[in-house]
Amino acid sequence: MHETAVAESILNTIIAQAETADAKPVSAVISCGQFNALNDECMQFAFEAAAAGTVCESMLLNIKHVPLRAKCKKCDATFEFDVYKPACSQCDSMEFDFKRDAPLLLETIEFEE
Ligand SMILES: [Zn+2]
């Protein structure tokens, strides 16, 4: 469970931005890939706990899951890897290479007007 550490690091970034913007953050979007996927519920819970008593208290956190892409070795097609159907979307080959997974990213922060 790395959600607690992730929540704290994201929280610190948002607090720093809020100080610079001199505004109260209302929501933020973070994105993550498949190998470093966050559990939404754990993440919300960890973030809420970490944000309590800070300027980020009660702000909304949206977690976007970026699909993992793979490239087929047989037909060269690039497709979105589906764990429930781990085969090329074009030719059904099971031989493919994973593309680089999306990093964990703090995408946007929205502040109160
Ligand atoms: Zn293929």
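Since the structure is predicted, the reported quantities are computational estimates derived from the model, not experimental observations.

1. Things to note about the sheet that holds strand 2 (residues 60-65)
For step 1, the next point in the chain: Here we have 3 strands laid out as an open sheet, ordered 2-1-6, and mixed in their pairing. Of all strands in the sheet, those bounded by a partner on one side alone are strand 2 and strand 6 (105-111). In this sheet, neighbouring strand axes are inclined to one another by 15 degrees on average, regardless of whether the strands run parallel or antiparallel.
For step 2, the next point in the chain: Relative to strand 2, strand 1 (residues 25-32) is paired through 6 bridges, and the arrangement is parallel. Bridge pairing in strand 2 places Val 29 opposite Asn 62.
For step 3, the next point in the chain: Against the sheet, helix 1 (residues 3-21) engages strand 1 and strand 6, with an angle of about 40 degrees to strand 6.

2. Examining the nonpolar core
For step 1, the next point in the chain: Core analysis: the biggest nonpolar cluster contains 17 residues, and Ala 7, Leu 11 and Phe 47 have the highest contact counts within it.
For step 2, the next point in the chain: Those elements giving two or more residues to this core turn out to be helix 1, strand 1 and helix 2 (40-51).
For step 3, the next point in the chain: If we ignore the near neighbours within four places in the chain, the residues touching Ala 7 are Met 43, Ala 46, Phe 47 and Ala 50.

3. Looking at the sheet that holds strand 5 (residues 96-98)
For step 1, the next point in the chain: An order of 4-3-5 is seen for the 3 strands of this open sheet, with the pairing classed as antiparallel. Strand pairing shows two members of the sheet lacking a second neighbour, strand 4 (78-80) and strand 5, which therefore form its edges. Taken over all neighbouring pairs, the strand axes of this sheet differ in orientation by 35 degrees on average, direction set aside.
For step 2, the next point in the chain: Pairing analysis gives 3 bridges linking strand 3 (residues 69-72) to strand 4, with the strands arranged antiparallel. Within the sheet, the bridge partner assigned to Arg 69 lies in strand 4 and is Glu 80.

4. Brief notes about helix 2
For step 1, the next point in the chain: With 12 residues, helix 2 extends 16 Å from end C-alpha to end C-alpha; this agrees with the ideal 16 Å at 1.5 Å per step.
For step 2, the next point in the chain: Listing the buried residues of helix 2 in full gives Met 43, Ala 46, Phe 47, Ala 50 and Ala 51. In a view along the axis of helix 2, the buried residues occupy a sector of 125 degrees, so they form one face of it. With respect to the buried face of helix 2, the exposed residues turned more than 90 degrees away are Glu 41 and Ala 49.
For step 3, the next point in the chain: Next to the buried residues of helix 2 lie helix 1 and strand 2.

5. Some words on unusual backbone geometry
For step 1, the next point in the chain: Non-glycine residue Asp 22 carries a positive phi angle of around 50 degrees.
For step 2, the next point in the chain: In this fold, Asp 22 is placed in the loop between helix 1 and strand 1.
For step 3, the next point in the chain: Judged by the 7 C-beta atoms lying within 10 Å of it, Asp 22 is exposed.

Thresholds applied
Residues numbered from 1 in each chain as written. Predicted model: local features only at pLDDT ≥ 70, side-chain atom pairs only at ≥ 80, totals over all residues. Pairing = 2+ DSSP bridges. Helix = DSSP H or I, 4+ residues; strand = E, 2+ residues; numbered from the N terminus. Axes fitted to C-alpha atoms, helices over the stretch in contact; angles between N-to-C directions. Contact = placed C-beta atoms within 7 Å. Core = buried A, V, L, I, M, F, W, Y, C linked by C-beta atoms within 7 Å. Buried ≥ 20, exposed ≤ 12 C-beta atoms within 10 Å, placed from the backbone. Expected span 1.5 Å × (residues − 1). Arc of directions from axis to C-beta.

Purely geometric numbers; function is a separate question.
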